[in-house]
Amino acid sequence: ADFGPAEPPAPASCAQHVAHLAAMPGVRPLPRSASTATWVAIACTAGLLQPTAGSYLVRCRGAGAEEAHAGAGGSSSGVAGSSPGVLGAQCRILAVRHYTDNSALSGCASEALELATAGYAAFQLLRGVSQGGAVRCLLMSCLPSQVATGESPNGNAGAPPAAAAATFVGAGHAATFADRDNGIGSGYWETFAARALCPDGDPLLIAELVPAAAADEFVRVFGPQRMRSDQALRSLHSECGEEQRVRATVCFPGLGGSGGSCDEWSKYAMPRCRVFVGSPYNATSMEFLTAQCANLGQLFCPAGTPVALQAALKAGSRAAGLWAAMIEGLLPGLVAARRAITASFADSRTAEDYSAAADRFAREWHEQEAVRLGCDAAAWHKTANVALPSVNREERPYVSVPLALSPTCCRSGVGRLRVVMLRNPFVRIASYFLGDWRRAKLGVAAEVSFEWFVEEALSAQPNRSILDPRDLRHVTPILEAPPAPEWVFFRLEDAAGSVRRVEGALCAPPLWRCGPLPAFPSASSGSAKGRRVGGPYVRALSVGWPAQLLRRVEERYVFDLAAEAAVTGQPAFRPPAG
């Protein structure tokens, strides 16, 4: 920022600029102990170099805006030509990056805006050269020559600095432009910059790829609603591994306690949240959405409502996920996403059409999200197939949605009302045996009786060919110990009454969060039909229960049955022996 004695700023002009800057919010000169020349230069620069927004980035036009490259031995005298409005050779190179072809423009533009804190943003992309599928991105920061010489850009010494659009001078090199070109081979560079540098450029609209500051990024991912007035964001991180997610540490100082006032909130990109794209569809049916908090051993925790839903598999986990999305206000966005995604596949008549639509879907909906999470190309390609629609593979087709549309998961439910989804264990075991397990285990289902299945489920070392670890999670007791007295139980056999029970608990102290909740999602079409015919216990009544098997279930699920009895005020349901 110090131009030195060889290039002193024009005193009268810069003094007036400083006076103008002094009235601007956020502009503070250095302490008076610094040299006057340095102080004035920094003040003048600060007035000009306000942050540029993405909508002000343009694709530069004119001589050299798309510079053909002649190889390592060719000319590399400039970023672009010397015509007015096109970048000169002296812009400072901040970094060199590599992106996939699909994400190069958006990724490089986002990062250029992040890095160019001491000048106007500019960047170049090397096109026409294949380097393992990567596109080279050159990130730069540029200053108009009028600023460097202290001249008023419009010739009026009394006016505040404005953006110039002629030639440019350097602010030093982090690398040389010869270094930029070494080993590249043939190809051409496309130039993009802030409008001040290329006033005749074509507007450039980009998708953001670089995460914003933590507070802004939190709002973009989790939404602006606050669960409590003392809510504070402690940290925000992204992860790209077997699980891909944005993870936030959220604290509530008013809750007190030693280390117990913070919780971990997450939005997952992998495993994916998926929405049903078949027809017809019902957005309030449990079949509309599959969410992952329960599968991951976490709670469904709507960001702005102090409730934490604990859902075990085959005990309302899918309906709880959709209900959490409703409470969080995500349902309209999910419906809009479904429409947009379905429309892109509606005209696919051939395998080639479908493949092209799938590629566009994965690129536009998920690849940029993977880049924002810090995933490299290998991680993206490894998970891309999971993101693609399953319309050609499943009886009930689903597609994945961006992580911001997935229900928020939390680790412990700090500051929230714990709501435990409760299902009668006899109904739960019979339902899993007659439904999901039989469909998944066609090779052994015909040979395994219901009694044998239950015996294996209750065994300390079950036969893995009959019940693998995931199977066991569907029949593991909901409660392994007596529940906390403040917990509320959501009895799935009485969803409407359970919603009212949760509303009453939320409205009571210490939460005082009064108001109606969305209706609980309806059951799947098959389950709803069965309940209309035989009531909520029809599955349990359609199989035989020897007396010794009933006793073993009662012993294993003692806390689940006790909770049901406490909610209903009568003994828990028990099918007749036989």
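Residues numbered from 1 in each chain as written. Predicted model: local features only at pLDDT ≥ 70, side-chain atom pairs only at ≥ 80, totals over all residues. Heavy atoms only, no water.

Secondary structure summary: the protein contains 19 helices and 19 strands in total. Taking all 578 residues of the protein together, the buried fraction comes to 49%. Sequence separation of 24 or more characterises 72% of the internal contacts of the protein that already satisfy a separation of 6 or more. Working note: accessible area of the protein is about 26,200 Å², and carbon and sulfur atoms make up 54% of it. (Helix = DSSP H or I, 4+ residues; strand = E, 2+ residues; numbered from the N terminus. Buried < 20%, exposed > 50% of the residue type's maximum accessible area, 1.4 Å probe, protein only. Contact = heavy atoms within 4.5 Å. Areas by Shrake-Rupley, 256 points an atom, 1.4 Å probe, with all protein chains shown as cover.)

Next up on the list: the sheet that holds strand 12 (residues 274–276). Spatially, the three strands line up as an open sheet ordered 13-12-16, and their pairing is antiparallel. The open sheet terminates on both sides in strands that have one partner only, identified here as strand 13 (289–290) and strand 16 (398–400). Where strand 12 and strand 13 come together, two bridges link them in antiparallel fashion. Each bridged residue has a counterpart across the sheet, and for Val 275 the counterpart in strand 13 is Leu 289. (Pairing = 2+ DSSP bridges.)

The next point concerns the packing of helix 8 (residues 331–345) against helix 9 (residues 351–372). Between helix 8 and helix 9, the least distance of the axes is 9 Å, while the angle of their chain directions is 150°. Of helix 9, the residues touching helix 8 (which contributes Ala 337, Ala 340, Ile 341, Ser 344 and Phe 345) are Tyr 354, Ala 357, Ala 358, Phe 361 and Trp 365. (Axes fitted to C-alpha atoms, helices over the stretch in contact; angles between N-to-C directions.)

Turning our attention to the packing of helix 11 (residues 425–440) against helix 13 (residues 450–458). Contact geometry of helix 11 with helix 13 gives a least axis separation of 11 Å together with a crossing angle of 110°. Here helix 11 is positioned roughly perpendicular relative to helix 13, judged by the angle of their axes. For the element pair helix 11 and helix 13, the recorded crossing hand is right-handed. Judged by residue contacts, Ile 429, Ala 430, Tyr 432, Phe 433 and Trp 437 of helix 11 engage Phe 450, Phe 453 and Val 454 from helix 13. (Parallel < 35°, antiparallel > 145°, perpendicular 65-115°, else oblique. Left-handed = near helix turned anticlockwise from the far one by under 90°.)

The next thing to look at is the state of the cysteines. Counted under the stated rule, the structure contains seven disulfides. Through a disulfide, Cys 293 is tied to Cys 409; the S-S separation comes to 1.9 Å. Taking the torsion about the sulfur-sulfur bond, which here is approximately -85°, the covalent link between Cys 293 and Cys 409 counts as left-handed. With Cys 293 in the loop between strand 13 and strand 14 (299–300) and Cys 409 in strand 17 (residues 409–410), the pair connects residues that are 116 residues apart, well separated along the chain. Cys 409 shares its class with Cys 293; the two are buried. Note that Cys 301 is cross-linked by a disulfide to Cys 410, the S-S spacing being 1.9 Å. In this pair, Cys 301 sits in the loop between strand 14 and strand 15 (307–310) while Cys 410 sits in strand 17, placing the two residues 109 residues apart along the sequence. Here Cys 410 falls in the buried class, since its relative accessible area comes to 0%. Cys 273 takes part in no disulfide bond, and the closest cysteine sulfur, belonging to Cys 293, lies 8.6 Å away. (Disulfide = S-S within 2.5 Å.)

In total, this model carries 21 aromatic pairs according to the counting rule given. Taken together, a centroid distance of 4.8 Å and an interplanar angle of 25° make the contact between Phe 218 and Phe 222 stacked. Of this pair, Phe 218 and Phe 222 both sit in helix 6 (residues 214–222), four residues apart, which is roughly one turn of the helix. Like Phe 222, Phe 218 is buried. Among the aromatic residues, those joined into a cluster by ring pairs are Phe 426, Tyr 432, Phe 433, Trp 437, Phe 450, Phe 453 and Trp 545. (Phe/Tyr/Trp six-rings, centres within 6.5 Å; stacked < 30°, edge-to-face > 60°.)

Before going further, it helps to examine the pairing of strand 11 (residues 262–270). Within strand 11, eight of the nine residues are buried, leaving the element largely enclosed by the surrounding structure. As defined by bridge partners, strand 10 (residues 244–251) adjoins strand 11 across eight bridges and the pair is classed as antiparallel. Bridge pairing in strand 11 links Val 246 to Lys 267. In the sheet, strand 11 pairs with strand 17 via two bridges, with the strands oriented antiparallel. Residue pairing in the sheet places Trp 265 in a bridge with Cys 410 of strand 17.

Time to look at the side chain of Asp 471. Counting through the fold element by element, Asp 471 comes out in helix 14 (residues 469–475). Judged by relative accessible area, Asp 471 falls into the buried class, the value being 4%. Excluding residues that lie within four positions of it along the chain, Asp 471 makes contacts with Tyr 432, Trp 437, Lys 441 and Ile 466.

For helix 15 (residues 495–507), which comprises 13 residues, the first-to-last C-alpha distance of 18 Å matches the rise-based estimate of 18 Å (1.5 Å per residue) to within 8%. Those residues of helix 15 that fall on the buried side of the exposure criterion are Gly 497, Ser 498, Val 499, Val 502, Glu 503 and Leu 506. Buried residues along helix 15 sit in contact with helix 7 (317–327), strand 18 (417–422) and strand 19 (488–491). (Expected span 1.5 Å × (residues − 1).)

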